[in-house]
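Okay, here's what each chain looks like letter by letter:
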Amino acid sequence: MNISPPTFDIDDVRRANECACAFDHLTKQVAIEAVNAGWLEGEVALALADAAERYVMHIAAGTHAVPVAANCNTVRAGEA
């Protein structure tokens, strides 16, 4: 997957449209690949919408987990 970085500053009103266009393109690519793999177009559309909603809820919850090494050889906050 190739996602280009934004070309506009964070406060430039054109940035939101640029992001929307990039993700419209990516979404179409994912949908086409899924349909070619055998999923129904309606299934794909609903699954993509649900995934986007879950991601928005994840961001809104603000409970982003801090990655911890699988072998636990790092000290977690409060364990030292």
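In what follows, the structure referred to is the one given above.
Residue numbers run consecutively from 1 along every chain, following the written order of its sequence. Given that the model is predicted, a residue must reach a pLDDT of at least 70 before its local features are reported, and side-chain atom pairs must reach 80 or more before they are shown or counted; all residues, however, enter totals for whole chains, interfaces and linings. Excluded from the side-chain calculation are hydrogens and water; included are all heavy atoms of the structure.

*Asks:* What am I meant to see in the environment of Val44 here?
*Replies:* Going along the chain from the N terminus, every DSSP run of H or I of four or more residues is numbered as a helix, and every run of E of two or more is numbered as a strand. Residue position: Val44 is located in helix 2 (residues 41-61). Think of it in three bands: with a 1.4 Å probe and only protein chains considered, a residue is buried below 20% of the maximum accessible area for its type, exposed above 50%, and partly exposed in between. Residue class for Val44 comes out buried when judged on its relative accessible area of 8%. Taking the C-alpha atoms as reference points, Val44 and Glu33, eleven residues apart in sequence, are found 9.9 Å from one another. Sequence-distant contacts of Val44, defined by excluding residues within four places in its chain, comprise Ala31, Ala34, Val35 and Trp39. In this description, contact between two residues means that some pair of their heavy atoms is separated by no more than 4.5 Å.

*Asks:* Looking at this structure, I do not really get the pattern of salt bridges. What am I missing?
*Replies:* Opposite charge on two side chains permits them to pair, given that their charged atoms come into close proximity. Take a side-chain nitrogen of Lys or Arg and a carboxyl oxygen of Asp or Glu: if they are within 4 Å of each other, that pair is a salt bridge. In the structure shown here, the tally under the stated rule is one salt bridge. Close ionic contact of Arg14 with Asp12 constitutes a salt bridge, the shortest N to O distance being 2.7 Å.

*Asks:* Sorry if this is basic, but what is going on with a nonpolar patch on the surface here?
*Replies:* A surface patch of nonpolar side chains, amounting to about 380 Å² of accessible area, comprises Met1, Ile3 and Phe23. Its relative accessible area of 43% is what places Phe23 among the partly exposed residues. Each patch is assembled from residues with relative accessible area greater than 30% and no salt bridge, linking like charges that lie within 9 Å and nonpolar side chains (Val, Leu, Ile, Met, Phe, Trp, Tyr) that lie within 5 Å. Areas reported as accessible are Shrake-Rupley estimates using a 1.4 Å probe. Residue values count occlusion only from the protein chains shown.

*Asks:* Explain helix 1 (residues 14-36) to me, please; I cannot follow it from the model alone.
*Replies:* Between its first and last C-alpha, helix 1 extends 33 Å over 23 residues, near the 33 Å set by a 1.5 Å rise per residue. Immediately downstream of helix 1, the backbone of Gly38 shows phi near 120°, a positive value. One less than the number of residues in a helix, times 1.5 Å, gives the span that helix is expected to have.

*Asks:* What am I meant to see in the layout of surface pockets here?
*Replies:* If you roll a probe as big as a water molecule over the atoms, it shows you where there is empty space left. Roughly 230 Å³ of internal volume is contained in the largest pocket. A 1.4 Å probe that fits into a set of points on a 1 Å grid over the protein atoms alone but cannot get out defines a cavity; an open set with protein on both sides within 12 Å along at least five of seven lines defines a pocket, and lining residues are those with an atom within 4 Å of a point. Forming the boundary of the largest pocket are 14 residues, of which Ile3, Ser4, Glu18, Cys19 and Ala22 lie nearest the centre. Throughout this entry, Asp, Glu, Lys and Arg are counted as charged residues, while Ala, Val, Leu, Ile, Met, Phe, Trp, Tyr, Cys and Pro are counted as nonpolar. The remaining residues, Gly among them, count as polar. A breakdown of the residues in the lining of the largest pocket according to their chemical character gives seven nonpolar, five polar and two charged. Around the second largest pocket, the lining residues are Met1, Ile3, Phe23, Leu26, Thr27, Val30, Leu48, Ala51 and Ala52. Residue assignment for the lining of the second largest pocket shows that the elements contributing at least two residues are helix 1 and helix 2. Counting residues per element, the lining of the second largest pocket draws most heavily on helix 1, which supplies four residues. For the lining of the second largest pocket, the class distribution of residues is eight nonpolar, one polar and no charged. Grid points are joined across faces, edges and corners, and a volume is the space filled by probe spheres set on the points.

*Asks:* Please clarify how helix 2 should be interpreted in this entry.
*Replies:* For the α-helix, the turn length of 3.6 residues means that residues three or four positions removed from each other point alike. Along its 21 residues, helix 2 runs 30 Å from first to last C-alpha, staying within 8% of the 30 Å computed at 1.5 Å per residue. Among the residues trailing helix 2, Gly62 stands out with phi positive, at a value near 65°.

*Asks:* Can you help me understand the state of the cysteines in this one?
*Replies:* Chemically, a disulfide is nothing more than a covalent bond linking the sulfur atoms of two cysteines. The rule for a disulfide is simple: a pair of cysteine sulfur atoms within 2.5 Å. In the structure shown here, the tally under the stated rule is zero disulfides. Here Cys19 stays unpaired: no disulfide links it, and the sulfur of Cys21, its closest cysteine neighbor, is 9.4 Å away. Residue Cys19 is classed as partly exposed on the basis of its relative accessible area of 42%.

In short, the description is geometric, and any link to function would need to be established separately.
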